[in-house]
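# Structural overview for review
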Amino acid sequence: MRRISNRLLIGTTSQSGDPFGVITQRLTRTGSQVTSYPRTDDVTVSQENDVKPFDALPGPKGHRAIPFLGTMFMMKPFTPYTVDTLGQMLNNFHDKYGPIFRARMGRDWIVYVERLEDIQKCFRSDGACPRRPLIMLHKIYQTRTGRPHSLTTLEGEAWRKLRTPLNHRMNRPSSATYYLPAQNEVADDFVNILRDSSLTPEQLRESFFRFAAESVGVVCFNRRLGFLSQDLQSRAVSQKLLECFKTNLRCTGAAMMGKEFKYLFYEDAFYKTFKKATDHIMSYVTNYLNEALEEVKRRQREGTWDENEPNLVLSLLAEPSLGVPDVLAVLEPLMTAGSDSTASGLQMLLYNLSLHQDKQESLYRELQDHHLHQAEPLTPTLLAQLKYLAATVKESLRLSFPLPSGVARILPVDLVLGGYQIPKGTTVGISSQRTAISDKYFREPRQFLPERWLRNEEGQRERSISGFAHLPFGFGPRNCIGRRFAEQEMYLVIAKIIRSFQVSLPEEYKSGQLETEFRPFVTPKRPFPFVFKPRQ
Ligand code: HEM
């Protein structure tokens, strides 16, 4: 083994090196919470001379390796797997073929890796403009309708041009806290809805979605969208928009998982459904943006415009280089990516807290210790002190990993991974869903133990954890741009829910496997019948 720093790890690898404990942690203040990121400048690797060719990679072979058809042969009725159990299929392939294998996914191979050393190499080879498989359905829609391409459909310099103005607006410590007052209100409205014990599980599930959409809506459009409104008229207006978001997401998930592909060649019924819903979203939000643009112009006319305006949408609209369609192209993916993800993450978190009443009580005690009375708004200072709250969110994203197959990268250079030569242009699937529950990196990995993330007075965890073992928001310059917002939203609403209710699920949830599906984030197949019992 040799020690190197600050260098790209290309062409060196190890079959046996266990990187656990070697990658150290960097502490970064994100908004009000402390978040750990993998450190990339202090890594130990080993060398290997006999690099095997790409074709020697293990993985499903024979008819399962035929382009397009191969994927079909890996799924039902030929195997027990479906698109919804893709994560399980990949886990079983790792068990069978080892820490690196290739599988035919559609036309191309995807190489899956689960060793931290290989994961780091992929991310470190990324460069300034990382590539991952694009959301083709969105790209095709934008091309066919002549709309500008967005964050999820651009690559290279064009992507960087769009992402850069967002980075400094969404990744600064104050970016999310600016929205705290508005998101406090949204969370309070949601908690009030949960007081209605007559809600069916399906209505409850929809309320989570409404909450997440409303919460990201105040960021994207600088106004309440009415998803949580009790007023019948506002509710009717928002209902149509909500249905369109759901259709857009359902279609996106189906296309991403390969359930639908004819839209690639012509405008089939699936594509038309997606287009109708997306056109509606676009026209709706264009109206919101035009209203916001009027406000910018008014302030500019009146001389009250502040060059350092902290509001995301207003400041984007004031950029002379961006027209309303460009701003729409920036904000629309934030809205769609930001609603389903957080709604699913929240439900999985409440599921974990319901199954672990002792952890729920620890969280409640922390809230009590900080004198969080029912109606009090949560401030940045208070949120920063709620360490157990942050730990429960992190632990739930670990145990109930939000993406069935982690994130992916298209390699910009040839790499040696796991002892195999992987050519430039290959898609590599980062099996973070595996590392997150591996006993190599986590003590009792199948247990819900928020305590594992807490630090003692010396800043140490009970066992050091590599940041590369837990990447629910991806990594590097193309990581999740909404991370600060998602975390803040979850902290806020979970604190408010747990201080108001004891949350539980029927006994049967304690035993038995939870069936999940992807929309495209992991979500339960059957809506959870949560019981919210008001606390005294
Ligand atoms: C629990 C909630 C969330 C999870 C688990 C999550 C996860 C992810 C992941 C894994 C990626 C890919 C990162 C990579 O390739 O390295 C991503 C990208 C993205 N996320 Fe999130 N996300 C969440 C919430 C949000 C929110 C609230 C927003 C919007 C405010 C958002 C907007 C986006 C966008 C626009 C991208 C694409 C970024 C780009 O390609 O430049 N996400 N997210």
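Residues numbered from 1 in each chain as written. Predicted model: local features only at pLDDT ≥ 70, side-chain atom pairs only at ≥ 80, totals over all residues.

Looking now at the overall build of the protein. Secondary structure summary: the protein contains 17 helices and 14 strands in total. The C-alpha atoms of the protein give 23 Å as radius of gyration, which agrees with the globular expectation for 536 residues (24 Å, within 12%). Summarising its shape, the C-alpha atoms of the protein cover approximately 65 × 55 × 50 Å along the three principal directions. Counting only contacts in the protein whose residues sit at least 6 apart along the sequence, the fraction spanning at least 24 positions is 74%. (Helix = DSSP H or I, 4+ residues; strand = E, 2+ residues; numbered from the N terminus. Rg over C-alpha atoms; globule rule 2.2 N^0.38 Å. Contact = placed C-beta atoms within 7 Å.)

A separate point is the site of the ligand. Taken together, 26 residues surround the ligand, and among them G338, S341, G474, C480 and G482 come closest. Secondary-structure elements contributing two or more residues to the shell around the ligand are α12 (324-355) and α17 (483-500). The greatest single-element share of the shell around the ligand, amounting to seven residues, is contributed by α12. Residue classes in the shell around the ligand are distributed as 15 nonpolar, eight polar and three charged. (Near = placed C-beta within 6 Å. Nonpolar A, V, L, I, M, F, W, Y, C, P; charged D, E, K, R; others polar.)

The biggest cluster of nonpolar side chains holds 115 residues, and the ones touching the most others in it are V111, V113, L389, Y491, V493, I494 and A495. Looking at this core, the element that brings in the most residues is α12, giving 15 residues. What V111 contacts, discounting residues up to four positions off in sequence, is L57, I100, R102, L417, I422, T426 and V428. Judged by nonpolar contacts, the second largest core, of eleven residues, contains I135, C251, A254 and A255. (Core = buried A, V, L, I, M, F, W, Y, C linked by C-beta atoms within 7 Å. Buried ≥ 20, exposed ≤ 12 C-beta atoms within 10 Å, placed from the backbone.)

In space, the four strands of this open sheet follow the order β5-β6-β10-β7, with mixed pairing throughout. Among the strands making up the open sheet, the edge pair consists of β5 (100-105) and β7 (408-410). Put simply, the sheet's adjacent strands are angled 30 degrees from each other on average, direction ignored. Taken together, the four bridges between strand β6 (residues 108-113) and strand β10 (residues 427-430) define a ladder with parallel strand orientation. From the neighbouring strand, V111 faces β10, where its bridge partner is V428. Sitting on the sheet, helix α2 (residues 86-97) is in contact with β5 and β6, with an inclination near 135 degrees to β5. (Pairing = 2+ DSSP bridges. Axes fitted to C-alpha atoms, helices over the stretch in contact; angles between N-to-C directions.)

Along its 18 residues, α17 runs 26 Å from first to last C-alpha, staying within 8% of the 26 Å computed at 1.5 Å per residue. Counting buried residues in α17 gives 17 out of 18 residues, a clear majority hidden from the surface. (Expected span 1.5 Å × (residues − 1).)

So, about the packing of helix α7 (residues 180-194) against helix α8 (residues 201-221). α8 packs onto α7 with a crossing angle of 165 degrees between their chain directions and a minimal axis gap of 9 Å. In terms of their interaxial angle, α7 and α8 are classed as roughly antiparallel. Seen along the crossing, α7 lies across α8 with a hand that is right-handed. Contacts from A182, Q183, V186, F190 and I193 in α7 reach S207, F211, E214, S215 and V218 in α8. Its residues placed into classes, the contact of α7 with α8 shows six nonpolar, three polar and one charged. (Parallel < 35°, antiparallel > 145°, perpendicular 65-115°, else oblique. Left-handed = near helix turned anticlockwise from the far one by under 90°.)

What follows concerns the pairing of β5. Burial of β5 is extensive: six of the six residues sit out of reach of the surface. Covered by surrounding structure in β5 are I100, R102 and R104 together with F101, A103 and M105, the residues of both alternating faces. By the bridge criterion, six bridges tie β5 to β6 in an arrangement that is antiparallel. Within β6, the position partnered with F101 by the bridge is Y112. Connecting β5 to the next strand, β6, in antiparallel fashion are two residues, including G106 with a positive phi near 70 degrees.

The end-to-end C-alpha distance of helix α15 (residues 387-399) is 18 Å, a good match for the 18 Å that 13 residues give at a rise of 1.5 Å each. If you check which residues of α15 are buried, you get Y388, L389, A390, A391, T392, V393, K394, E395, S396, L397, R398 and L399.

So, about the UniProt feature "binding site: heme" (unreviewed entry) in the protein. Taking the numbering used here, the UniProt-annotated feature "binding site: heme" (unreviewed entry) corresponds to C480. Take C480: it is sitting in the loop between α16 (432-435) and α17. We classify C480 as partly exposed; it has 18 C-beta atoms within 10 Å. For C480, the contacting residues outside a window of four places in its chain are F473 and G474. (UniProt positions renumbered as here; feature names shortened; annotations may be inferred.)

Two packed helices can be described by the angle between their axes and the distance between those axes. As a packed pair, helix α10 (residues 269-302) and α12 sit with axes 10 Å apart at the nearest point and diverge in direction by 120 degrees. For the pair α10 and α12, the crossing hand works out as right-handed. Along the contact surface, α10 presents I281, M282, V285, T286, L289, N290 and L293, while α12 presents V324, V327, L328 and E332. Looking at the contact of α10 with α12 residue by residue, the classes come out as eight nonpolar, two polar and one charged.

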